[in-house]
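Take a look at the letters that make up each chain.
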Amino acid sequence: MQRRHLSTFFIFVFGALGGLLFGFDTGIISGASPLIEANFNLNVEQTGFIVSSVLIGSSIGALSIGSLSDKYGRKKLLLLASILFIIGSAAAMFAQGFISMIIARIILGFAVGSASALTPAYLAELADAPHRGSLGTMFQLMITLGILLAYASNLGFLHHNLLGLRDWRWMLGSALIPSVILFVGSIVLPESPRYLVEKGKIDEARDVLHGLRAGTGEDPDKELSDIQEIANQPKGGLKELVTFARPAVIVAVCLMFLQQLVGINSIIYFLPQVFIKGFGFAESDAIWISVGIGVVNFLCTLLAYKIMDKFNRKTILLFGSIVMTIAIGTLSVLNFTLSVKQAAVPTMILIAVYIFGFAVSWGPICWLMIGEIFPLNVRGVGTSIGSAANWIGNFIVSQFFLVLLAAFNNNVGGPFAVFAFFAFISIFFVIYMVPETRGKTLEEIELEMRAKSKTKATTNQSN
Ligand code: BGC
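All figures in this text were calculated on a predicted structure; none of them were measured in a lab.

Parameters at a glance
- Residues numbered from 1 in each chain as written.
- Predicted model: local features only at pLDDT ≥ 70, side-chain atom pairs only at ≥ 80, totals over all residues.
- Heavy atoms only, no water.
- Near = heavy atom within 4 Å.
- Polar contact = N/O pair within 3.5 Å; in protein donor to acceptor, adjacent residues only side chain to side chain.
- Areas by Shrake-Rupley, 256 points an atom, 1.4 Å probe, with all protein chains shown as cover.
- 1 Å grid on protein atoms, 1.4 Å probe; cavity = no way out; pocket = protein on both sides within 12 Å on 5 of 7 lines; lining within 4 Å.
- Sits in = over half its atoms within 2 Å of the grid points.
- Helix = DSSP H or I, 4+ residues; strand = E, 2+ residues; numbered from the N terminus.
- Nonpolar A, V, L, I, M, F, W, Y, C, P; charged D, E, K, R; others polar.
- Points joined across faces, edges and corners; volume = space filled by probe spheres on them.
- Disulfide = S-S within 2.5 Å.
- Buried < 20%, exposed > 50% of the residue type's maximum accessible area, 1.4 Å probe, protein only.
- Contact = heavy atoms within 4.5 Å.
- Axes fitted to C-alpha atoms, helices over the stretch in contact; angles between N-to-C directions.
- Parallel < 35°, antiparallel > 145°, perpendicular 65-115°, else oblique.
- Left-handed = near helix turned anticlockwise from the far one by under 90°.
- Patch = residues over 30% accessible without salt bridge, like charges linked within 9 Å, V, L, I, M, F, W, Y side chains within 5 Å.
- Salt bridge = Lys/Arg side-chain N within 4 Å of Asp/Glu carboxyl O.
- Phe/Tyr/Trp six-rings, centres within 6.5 Å; stacked < 30°, edge-to-face > 60°.

A. Quick peek at the site of the ligand. Taken together, 13 residues sit near the ligand, with Gln-140, Gln-259, Gln-260, Asn-265 and Asn-297 positioned nearest. Asn-390 places a polar side-chain atom, nitrogen or oxygen, 3.5 Å from an oxygen atom of the ligand. For the ligand, the accessible surface in isolation is 310 Å², of which the surrounding protein chains cover 100%. Structurally, the ligand is housed in the largest cavity. Secondary-structure elements contributing two or more residues to the shell around the ligand are α7 (132–157), α13 (246–261), α18 (362–372) and α19 (379–407). With three residues, the top contributor of residues to the shell around the ligand is α7. Taken together, the residues that form the shell around the ligand break down as four nonpolar, nine polar and no charged.

B. Representation of the layout of surface pockets. What the largest pocket holds in volume is close to 1,100 Å³. Lining the largest pocket are 37 residues, with Ile-29, Ser-30, Ser-33, Pro-34 and Gln-273 sitting closest to its centre. At nine residues, helix α4 (residues 44–72) tops the list of elements feeding residues into the lining of the largest pocket. Looking at the lining of the largest pocket residue by residue, the classes come out as 18 nonpolar, 14 polar and five charged.

C. Looking closely at the state of the cysteines. Considering all chains together, one arrives at zero disulfides under this definition. Cysteine Cys-254 is unpaired, with the sulfur of Cys-366 as its nearest cysteine sulfur at 11 Å. The exposure class of Cys-254 is partly exposed, given its relative accessible area of 27%.

D. How the structure looks around empty space enclosed by the protein. On inspection of all chains with the given rule, the structure shows five cavities of 30 Å³ or more. Taken as a whole, the largest cavity holds about 170 Å³ of empty space. Along its surface, the largest cavity is lined by 17 residues, and Phe-22, Gln-140, Ile-143, Ile-264 and Asn-265 are the ones closest to its centre. Of all the secondary-structure elements, those providing two or more residues to the lining of the largest cavity are α2 (17–27), α7, α13, α14 (264–279) and α19. Classifying every residue of the lining of the largest cavity by side-chain character gives eight nonpolar, nine polar and no charged.

E. Summary view of the side chain of Thr-383. Residue placement: Thr-383 occurs in helix α19. Given a relative accessible area of 0%, Thr-383 falls into the buried group. From its side chain, Thr-383 meets the backbone oxygen of Ala-117 in a polar contact 3.2 Å long. Those residues in contact with Thr-383 that lie beyond four places of it in its chain are Ala-117, Ala-121, Ile-370, Gly-371 and Phe-374.

F. How the structure looks around the packing of α14 against helix α15 (residues 286–307). Contact geometry for α14 and α15: axes closest at 9 Å, N-to-C directions at 140 degrees. Judged on the interaxial angle alone, α15 and α14 are oblique. Where α14 crosses over α15, the handedness of that crossing is right-handed. Here Ile-267, Ile-268, Leu-271, Pro-272, Phe-275 and Ile-276 of α14 come into contact with α15, specifically with Ala-286, Ile-289, Ser-290, Ile-293 and Asn-297. Looking at the contact of α14 with α15 residue by residue, the classes come out as nine nonpolar, two polar and no charged.

G. How the structure looks around the packing of α19 against helix α20 (residues 413–433). Put simply, α19 and α20 touch, their axes get as near as 8 Å, and they point 135 degrees apart. Of the possible angle classes, the one that applies to α19 and α20 is oblique. Residue-level contacts link Val-397, Phe-401, Leu-404 and Leu-405 of α19 to Pro-415, Val-418 and Phe-419 of α20. Partitioned by chemical class, the residues of the contact of α19 with α20 number seven nonpolar, no polar and no charged.

H. Seen up close, a nonpolar patch on the surface. Together, Ile-250, Phe-424, Phe-428, Ile-431, Tyr-432 and Met-433 line one region of the surface with nonpolar side chains, adding up to about 610 Å² of accessible area. It is α20 that contributes the most residues to the nonpolar patch, five residues altogether. Among the structural elements, Ile-250 can be located in helix α13.

I. Layout of α2. Extensive coverage of α2 is indicated by the burial of 11 of its 11 residues. Considered for burial, the residues of α2 that qualify are Leu-17, Gly-18, Gly-19, Leu-20, Leu-21, Phe-22, Gly-23, Phe-24, Asp-25, Thr-26 and Gly-27.

J. Highlighting the packing of aromatic side chains. All chains considered together, the criterion is met by 15 aromatic pairs. Ring centres of Phe-139 and Trp-367 lie 5.5 Å apart, and the angle between their planes is 80 degrees; on these two criteria the pair is classed as edge-to-face. You can see Phe-139 sitting in helix α7 and its partner Trp-367 sitting in helix α18, a full 228 residues away along the chain. The same class applies to Phe-139 as to Trp-367, namely buried. Judged by centre distance (5.2 Å) and plane angle (80 degrees), the ring pair of Phe-424 and Phe-428 falls under edge-to-face. Separated by four residues within a single helix, Phe-424 and Phe-428 lie in helix α20, roughly one turn from each other. Through a chain of ring-to-ring contacts, the aromatic side chains of Tyr-269, Phe-270, Phe-401, Phe-416 and Phe-419 assemble into a single cluster.

K. Representation of unusual backbone geometry. With a phi angle near 50 degrees, Leu-163 is a residue other than glycine that sits in the positive phi range. Counting through the fold element by element, Leu-163 comes out in the loop between α7 and α8 (167–173). The exposed category is assigned to Leu-163, whose relative accessible area is 79%. Its identity as a non-glycine residue notwithstanding, Asn-410 has a phi of 60 degrees, on the positive side. When its relative accessible area of 30% is taken as the criterion, Asn-410 is described as partly exposed.

Quick look at the structure:
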């Protein structure tokens, strides 16, 4: 069978391509929006809406895709997402005005949201337990690569009106390339073996597992029988999300909200504006600041990819929370105590430290964990809920950041004090609520959760 010849690395890279489009479509607009604004004569509110419409589409896309992926499989829906990416990217490239651009951005958002709900579960279900951390981190690595490519595309196409098409049209249209690659990838990628077992397609699942585990020294038949055992458990359907899987829902939603509330996208989307407004940087420096952030973000995520299976997830999260709290807490204090001129360089350094803290921990682990902590039966819906929480959190922070910055007279110390507060809260959340998933198979994680809920029920009954 052809899929046996696909290398595991190829499968994970292509499987994670949705992350690249996620990063690209959210990152590209910072450079393209001023150009679109001028070209279409838009006001600030309209431009703001072009930026945030992707986030609205993503929340809806993330929420609606989960139950479909439990029903029709991860692969078919990845294919659907890739088609939406192609349609959305082409529609954005050729948009003729505000309304058509908004429609294109909402379609793209829908695709991004779907990919962000599908990919974590898909990667987790394909990976073997010892490497699931790194393989799942591939999604975040692709996100950061997508952001970096978006900045590169902004730089490359700015002021180049090729073949009679404006620069911003090429910027948005360049997303067509990874979209088509994802489309082809989704045709040749294998379906998730866990989904196949859940649907009773045991032979196909065995075939996929033998292909994936060839040469890894792992026993695909033992894995298959463990998955079968889980698939044969009595099922409560969606009700499971409010019964024994409720802790997973709470952890997923809180992880995702906190990931956004520590303010990462105030930096990814708005940092150039912060430096222009707050520290008097020239407009022309803005794109280089973005590129610098993109490079640090990508390289630190590469480090995360290397270490993810060497330390417990909780240890890494805790490390990230502490680094972020110290970095942006100090940044906030400095910006309230030093002059603007004195604060500029330390702020840049502290932001780099903060990105390091985020990129090695909360960036990848939140996406990794939402693929790990839900039971097989409702994994698609569970990751949907987690992913939607991320997009809603993202929308809230993006809407309020500039307002908050203005409220503090463009002093970044203000918004960053709020983010530092949430980074501090995240320390306790990790210590008291996050489960450890490293080194366990998805089936072991699920059995543990079921056992815990049984013990709880028995204790409650005997009290
Ligand atoms: C977050 C995105 C963010 C990106 C930055 C992701 O994990 O969900 O909102 O833009 O990391 O690298």
